[in-house]
Amino acid sequence: PRYPALHRHIDVVVDDELKYDLLPAIVRRAGEGLVERIELLDVYRGEHVGEGKRSVTLALEFRSGQRTLTDTEVNSVLAKVKKALQEEARAGFR
């Protein structure tokens, strides 16, 4: 790739019944074409996330084919991704 990637990790807390495949679909749709890769890092169930919930840690890689992205741009897109996850998957964050 010509331009460098920026990386972010997010811990998404969702209902246990929610299918994992929905999360990357929401991230890609809300990511404005800048989310190049999504990797599942960890799944946690336990007292810190509540009964019937799980925390899913995702590694996100952002990249533009046109230019180098700034932290501000990536943080703005990440905020949109989080809002979409809240609205479409009733997600919370750790």
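Shown above is the structure to which this text applies.
Read on for a plain summary of the structure.

How each quantity is defined
Residues numbered from 1 in each chain as written. Predicted model: local features only at pLDDT ≥ 70, side-chain atom pairs only at ≥ 80, totals over all residues. Heavy atoms only, no water. Helix = DSSP H or I, 4+ residues; strand = E, 2+ residues; numbered from the N terminus. Rg over C-alpha atoms; globule rule 2.2 N^0.38 Å. Contact = heavy atoms within 4.5 Å. Areas by Shrake-Rupley, 256 points an atom, 1.4 Å probe, with all protein chains shown as cover. Lys, Arg positive; Asp, Glu negative; His and termini not counted. Charge placed at Lys NZ, Arg CZ, Asp CG, Glu CD. Salt bridge = Lys/Arg side-chain N within 4 Å of Asp/Glu carboxyl O.

Before going further, it helps to spend a moment on the overall build of the protein chain. On a plain count of helices and strands, the protein chain comes out with 2 helices and 4 strands. For the protein chain, whose C-alpha radius of gyration is 14 Å, the value lies close to the compact-globule estimate of 12 Å for 94 residues. Principal axes of the C-alpha set define a box for the protein chain whose edges measure 45 × 20 × 20 Å. Put simply, 73% of the contacts in the protein chain that link residues at least 6 apart link residues at least 24 apart. Surface accessibility of the protein chain: about 5700 Å² in total, with carbon and sulfur atoms responsible for 48%. Averaging the positions of the 16 positive and the 16 negative side-chain charges in the protein chain gives two centres separated by 5 Å.

A word on the pattern of salt bridges. In this structure the tally under the stated criterion is 13 salt bridges. Salt bridges sharing common partners tie together Glu-36, Arg-37, Glu-39, Glu-61 and Arg-63.

This part covers the environment of Asp-42. Among the secondary structure elements, Asp-42 is positioned in strand β2 (residues 35-44). For the pair Asp-42 and Ala-59, spaced 17 residues apart in sequence, the C-alpha to C-alpha distance is 9.6 Å. If we ignore the near neighbours within four places in the chain, the residues touching Asp-42 are Ser-55, Val-56 and Thr-57.

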